[in-house]
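What the coordinates show
Now for the letters of each chain:
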Amino acid sequence: MKKPVHNPREVAEIVAIQALSFVASEPERLGLFLAETGVGPETLRNAASDPNFLLSVLDFVMRDDATVKAFAATAELHPTNVAAARQVLGDALGDPNWERDVP
């Protein structure tokens, strides 16, 4: 039996890896992602261990509603969980580009 993960960063990285699998499952989507990131198919597996790369995967998935909804449905997550994973990972990496809604 697997041990549950309680560390928010670990959970965010798991979501990002699921997102990478989702991106890789469709050749057209994968081609677009590779072209935008500059990562080659031969280095994709190694890049997946880099938290900054995982952040770029979540950014790619979240950039349009249809993609984030499709990924969320595939991963059996609510789309807000994808956004939360992106925020947690971005915060952990000190990403200054993430904009939060502040009242």
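Residues numbered from 1 in each chain as written. Predicted model: local features only at pLDDT ≥ 70, side-chain atom pairs only at ≥ 80, totals over all residues. Heavy atoms only, no water.

- An unreviewed UniProt entry lists the protein chain under the name DUF3572 domain-containing protein, with Bradyrhizobium xenonodulans as the source organism.

Topic: the pattern of salt bridges
- Inspection of every chain in the model, using the stated rule, returns four salt bridges.
- Here Arg9 ties to Glu13 by a salt bridge, and the two come within 3.0 Å at their closest N and O atoms. In this pair, Arg9 and Glu13 are both assigned in helix α1 (residues 8–24), four residues apart and thus about one turn of the helix distant.
- Where Asp59 meets Arg86, a salt bridge forms, and the shortest distance between an N and an O atom there is 2.6 Å. With Asp59 in helix α4 (residues 51–62) and Arg86 in helix α6 (residues 79–93), this residue pair connects regions lying 27 residues apart in the sequence.
- Judged by its relative accessible area of 3%, Arg86 is buried. (Salt bridge = Lys/Arg side-chain N within 4 Å of Asp/Glu carboxyl O. Helix = DSSP H or I, 4+ residues; strand = E, 2+ residues; numbered from the N terminus. Buried < 20%, exposed > 50% of the residue type's maximum accessible area, 1.4 Å probe, protein only.)

Notes on the packing of aromatic side chains
- Tallied over the entire structure, the rule returns three aromatic pairs.
- Relative to Phe53, the ring of Phe33 has its centre 5.7 Å away and its plane inclined at 70°; by these criteria the two rings are edge-to-face. Taken as a pair, Phe33 in helix α2 (residues 27–37) and Phe53 in helix α4 lie far apart in primary sequence, 20 residues in all.
- You can call Phe33 buried: its relative accessible area is 1%. (Phe/Tyr/Trp six-rings, centres within 6.5 Å; stacked < 30°, edge-to-face > 60°.)

A few points about the environment of Asn7
- If you trace the backbone, Asn7 turns up in the segment before α1.
- At a separation of 2.8 Å, a polar atom in the side chain of Asn7 contacts the main-chain amide nitrogen of Arg9. (Polar contact = N/O pair within 3.5 Å; in protein donor to acceptor, adjacent residues only side chain to side chain.)

Focus: the nonpolar core
- Within the largest apolar cluster, 27 residues are counted, with the highest numbers of intra-cluster contacts made by Phe33, Leu44, Phe53 and Leu58.
- Only α1, α2, α3 (44–47), α4, α5 (65–75) and α6 provide two or more residues apiece to this core. (Core = buried A, V, L, I, M, F, W, Y, C linked by side-chain atoms within 4.5 Å.)

Brief notes about the packing of α1 against α4
- Running from N to C, α1 and α4 cross one another at 60°; their axes reach a closest spacing of 9 Å. Of the possible angle classes, the one that applies to α1 and α4 is oblique. Handedness of the crossing formed by α1 with α4: left-handed. Residues Arg9, Ala12, Glu13, Val15, Ala16, Ile17, Ala19, Leu20 and Val23 of α1 pack against Pro51, Phe53, Leu54, Val57, Leu58, Phe60 and Val61 of α4.
- The class makeup of the residues in the contact of α1 with α4 is 14 nonpolar, no polar and two charged. (Axes fitted to C-alpha atoms, helices over the stretch in contact; angles between N-to-C directions. Parallel < 35°, antiparallel > 145°, perpendicular 65-115°, else oblique. Left-handed = near helix turned anticlockwise from the far one by under 90°. Contact = heavy atoms within 4.5 Å. Nonpolar A, V, L, I, M, F, W, Y, C, P; charged D, E, K, R; others polar.)

A short note on unusual backbone geometry
- Non-glycine residue Glu76 carries a positive phi angle of around 55°.
- Its relative accessible area of 73% is what places Glu76 among the exposed residues.

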